[in-house]
Amino acid sequence: MSTMPVLPAWPSQETAGRRFWWSPLLALSIVMVFMGLMVWNIASELAAIHTIPSAERYELRVVPADDPKALRFDGPLVDSEVDAPLPLVDHEEGPSQLRKARLVIDLDAYLEPSDSFDDTLEGNREVHLRGPSKAILVSQAVHGLDVFLNGVWLDGFPRSTADDRFMWFRPIMVPLPAKVLRPHGPNRLTIEYTSWEPHLTFSPVYVGEVGHIAFITEVLDFIGGSLANASKAFCLLTGLFMVGIWMVNRRDDTFGLIGAVALLWATVYTLSLWVHLPASWRDAWLWAFYACTGSLNALTLLFVLRFIQEPLTRPMAVLVTLSSSAAAVISPFLGSRGEVHLAHVWIWLMLPLQVWVLLRLVKYIRRTRSRSAILLLLHMLLAGLLIVHDFLVMAHQVSPPSGIAEGSLLRLLGTPIYLTHLVLPPLLIVMARVHLLKYGESIQRVKEANQVLADSLRRREMELTLAYDRQSGLERREAAQEERERLYRELHDGIGSRLVTTLFSVRDGHLNAAQLEQNLLDLLQGVRSLVSNSPQREEREFQNILFDYCVNLDSLLSGKDFQLEYEVPSGQEFVLLEDGAKELLRVVEETVANTLKYANATRVTIQMQQTDHSMSLRITDNGRSALAQSLPQRPAFGTSTGMGLTHMRKRMESLGGQFDFQLTDTGAVTRVELPLVQAAVPTPARVSPDAAAS
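So, a few notes on the structure that sits alongside this text.

The rules behind each value
- Numbers given for residues are sequential positions, taken from 1 along each chain in its written order.
- Note on the predicted model: pLDDT of at least 70 is required for a residue's local features to be given, and 80 or more for side-chain atom pairs to be given and counted; whole-chain, interface and lining totals, by contrast, use all residues.
- In computing side-chain values, all of the structure's heavy atoms are included and hydrogens and water are not.
- Where helices and strands are cited, they refer to DSSP runs of H or I of at least four residues and of E of at least two residues respectively, numbered from the N terminus.
- The contact definition used throughout considers only heavy atoms, calling two residues in contact when any of these lie within 4.5 Å.
- For every accessible area listed, the method is Shrake-Rupley and the probe measures 1.4 Å; residues are considered covered only by the protein chains on display.
- The span one expects for a helix is its residue count, reduced by one, times 1.5 Å.
- In this scheme, a residue with accessible area under 20% of its type's maximum is buried, one over 50% is exposed, and one in between is partly exposed, where area comes from a 1.4 Å probe on protein chains only.
- Of all possible arcs, the one meant is that of the directions from the helix axis to the C-beta atoms.
- Two strands are counted as paired when DSSP detects at least two bridges linking them.
- What counts as an axis is a line fitted to C-alpha atoms, over the stretch in contact for a helix, and the angles between N-to-C directions run from 0 to 180 degrees.
- Each polar contact in these results corresponds to two N or O atoms within 3.5 Å; when the atoms are within protein, one needs to be able to donate a hydrogen and the other to accept it, and residues that are neighboring in sequence are counted only if both atoms are side-chain atoms.
- Any angle that falls under 35 degrees is termed roughly parallel, while one over 145 is termed roughly antiparallel, one within 65 to 115 roughly perpendicular, and all others oblique.
- Definition used for salt bridges: Asp or Glu carboxyl oxygen within 4 Å of a side-chain nitrogen of Lys or Arg.
- Residues qualify for a patch when their relative accessible area is over 30% and they have no salt bridge, like charges being joined within 9 Å and the nonpolar side chains of Val, Leu, Ile, Met, Phe, Trp and Tyr within 5 Å.
- Charge counting follows a simple rule: Lys and Arg are positive, Asp and Glu are negative, and His as well as the terminal groups are ignored.
- All charge positions are set by atom: Lys at NZ, Arg at CZ, Asp at CG, Glu at CD.

1. Notes on the overall build of the chain
- The helix and strand inventory of the chain stands at 15 helices and 19 strands.
- Considering only contacts in the chain between residues 6 or more positions apart, those separated by 24 or more positions represent 76%.
- If you sum the accessible surface of the chain, you get close to 39300 Å²; carbon and sulfur atoms cover 60% of it.

Right, dumping it as structure tokens:
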């Protein structure tokens, strides 16, 4: 007997949460260990290289107009300095122009005899080949450069010319060939670069073994290049994704706000790190950079205020607008003369508003103890710190600390590489997480409201069901009451009237046994028709119905003490629809029955008259008029209910006719008027407001 394999049950969410609560901690621990190993490796490699503290000579000249490629170094001298400390910063106070700088660095203090090629020991240098053992590292070749060793060109990036503007935010490693180095010196390293920028910067220079320099070069390029490009791509894709969500659901503009922040981050970094553009485009490029940076600042403030659910007041909106747009508005009027000062002033102009928003966020955290708000605050503080660091380092207002150990990572603090991008992806993730949590809270509130609404609807349905049951009960009781009244009317006016007629016929001896049996059978059939669910409807002409009734009544009652006279005209026969004929005949039967019971009449006359539009019945008798006020009680007929006239009047009203009963000195007169053609509904006349009011 084979058995089916039993699969293990999938763990519930609660069980899985208890079982794998340690997974994030394990992942974080692995990342921290990995980063610790990387930092230790970088520190050990950094300890093996040296920082060149100064240049032996520094010169800055204007590129002549007849040298559009900036190849010569013979233009007017702008600035010069001996033993210029590195990194080097030079600010121009005049108009924007293409300038060329040259630094001469003495390398003898960092070289050993084995670093150069010795012909006496190594033989013919054309036969015995040897690679370099030392190299230099320019931590960031911002303006492009050419590197010369003892007058021999070694390497470099393209430099700015009269038509092109180049900006290289990348490190460059230049090996020092052994055959170019002089065993006994002097060994001079010459670096030339050109720039259209009003502020010239030259980054720290490192020297050391080729392997160590290559490793640090890759580290700097990875941090300032690969990670920066990855951050830009992440910001771009995140921004497009968020804007796409916002376009689908425009009622919630937070997604659009986050998308705009992400796209502006990507745009700002793309503009700031753009390598090449025509020299004539530089002013437009700078204005776009200022505009995007200001917009990014304003949108970030708006996002934080949106998160803490505080409105942006009109005075603060004015301040945010002025501080964020100041550089873009002022820069076209300042030109290159005030560009340096504007860049230094603008960042401090935006800082107070950033601090104000962060203080509002801190108050929100103290009030709500929100972990998402704490995470957002920490990331914004880190982003602000890195932004200030990048600005100060790129402006070389922060230099590598002096007197520190060779292997300390603090040596890289003065290296002009962008670090803000390291916090951008986590910051965007935190911003998206904050909004999604808010969105989740809104969804939860909607679910709770829907639950309350569902409960209210359920209670309302129960109330409506009870009300429906009560209403149905009332309607059933009303229908039963109406049915009882209908049966009573039929029994009273129809069956009762025929019984009275039969009773009088028996009493006066006008009926034999066969006739009595037939009358009783007719009465029984009438009772059956009365209680039947599908009553028989009379579809004959009313004249024939009335004539048959009068003939039958005449055969039952006519004798020496009682006479029946009737007049039913022939021609122009008409048929009363539905139960109209029965209702009208019941009026006649009840009238005759009342005459027999209460009037002691000896003659009854039934007359029918007809026109094209109406029909009238007149039933008269010669009974006693003294019975007008009070109806007598007769043992033979029981006690009168006094409802006969009321029933007849209601029957005629239901047919749209009129009923009238009068007692006269010579007897009683019953008149029935029934229209045969429905009267046209008159069109209401226009009534003036004054007439209507009166």
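Past the structure itself, the notes keep going.
2. A short note on helix α12 (residues 542-557)
- In this model, α12 (16 residues) spans 22 Å end to end at C-alpha, consistent with the 22 Å of a helix rising 1.5 Å per residue.
- The complete set of buried residues in α12 reads F542, Q543, I545, L546, Y549, C550, L553, L556 and L557. Viewed along the axis of α12, the buried residues span an arc of 160°, placing them on a single side of the element.

3. Observations regarding unusual backbone geometry
- The linkage connecting L86 with the following residue, P87, adopts the cis geometry, with an omega of 0°.
- Locating P87 in the fold gives a position in the loop between β3 (77-85) and β4 (88-91).
- A cis geometry characterises the amide bond from G185 onward to P186, with omega recorded as -10°.
- Its identity is not glycine, yet Q309 carries a phi of approximately 60°, on the positive side.
- Among the secondary structure elements, Q309 is positioned in the loop between α6 (282-307) and α7 (314-334).
- For Q309, a relative accessible area of 61% gives the class exposed.

4. Focus on the sheet that holds strand β8 (residues 152-156)
- Pairing in this open sheet of 6 strands is antiparallel, and the strands run β3-β2-β5-β11-β7-β8 from one edge to the other. Looking at the sheet topology across the chains shown, the edges are occupied by β3 and β8. Across the sheet, the axes of successive neighbouring strands diverge by a mean angle of 20°, strand direction being ignored.

5. Digging into the environment of D164
- Positionally, D164 belongs in strand β9 (residues 164-166).
- Distance from D164 to R282, taken between C-alpha atoms, is 9.7 Å for residues 118 residues apart in sequence.
- The residues contacting D164, other than those within four sequence positions of it, are W196, H276, L277 and A279.
- Reaching out from D164, the side chain makes a polar contact with the side chain of H276 at a distance of 2.9 Å.

6. Considerations on the packing of α6 against helix α8 (residues 339-368)
- At a closest axis distance of 9 Å, the pairing of α6 and α8 adopts a crossing angle of 10°. Judged on the interaxial angle alone, α8 and α6 are roughly parallel. Residue-level inspection shows R282, L286, Y290, T293, G294, N297, L301, V304, L305 and F307 of α6 in contact with α8, the latter providing E339, L342, A343, W346, M350, L353, Q354, W356, V357, L361 and Y364.

7. Section: the pairing of strand β6 (residues 134-138)
- Most of β6 is tucked away, with 5 of its 5 residues classed as buried.
- In β6, alternate side chains face the same way, and those of K134, I136 and V138 on one face and A135 and L137 on the other are all buried.
- When β6 meets strand β10 (residues 172-176), the two strands line up antiparallel, connected through 5 bridges. Bridge assignment links V138 to a residue of β10, and that residue is I172.

8. Some details on the pattern of salt bridges
- One pass over the structure, following the stated rule, counts 20 salt bridges.
- Here E59 makes a salt bridge to R61, at a shortest N to O gap of 3.6 Å. Note on accessibility: E59 and R61 belong to one class, buried.
- Linking D108 and R188 is a salt bridge whose minimum nitrogen-to-oxygen distance equals 3.7 Å. With D108 in the loop between β5 (99-106) and α3 (119-122) and R188 in strand β11 (residues 188-195), the pair connects residues that are 80 residues apart, well separated along the chain.
- Here the residues in one salt-bridge network are K100, R102, D146, R159 and E192, joined through shared partners.

9. Some details on a negative patch on the surface
- On the surface, E475, E478, E482 and E485 cluster together into a patch of negative charge.
- Tracing the backbone through its elements, the reader meets E475 in helix α10 (residues 424-507).
- The partly exposed category is assigned to E475, whose relative accessible area is 43%.

10. A word on the sheet that holds β10
- Ordered by their spatial adjacency, 4 strands build an open sheet running β1-β13-β6-β10, and the pairing between neighbours is antiparallel. If you trace the sheet from one side to the other, it starts and ends with β1 (49-52) and β10, each paired once. Shown here is a sheet whose adjacent strand axes are inclined to one another by a mean of 25°, direction ignored.
- Alignment of β6 against strand β13 (residues 205-209), held across 5 bridges, turns out to be antiparallel. Looking at the pairing, V138 lines up with V205 of β13.

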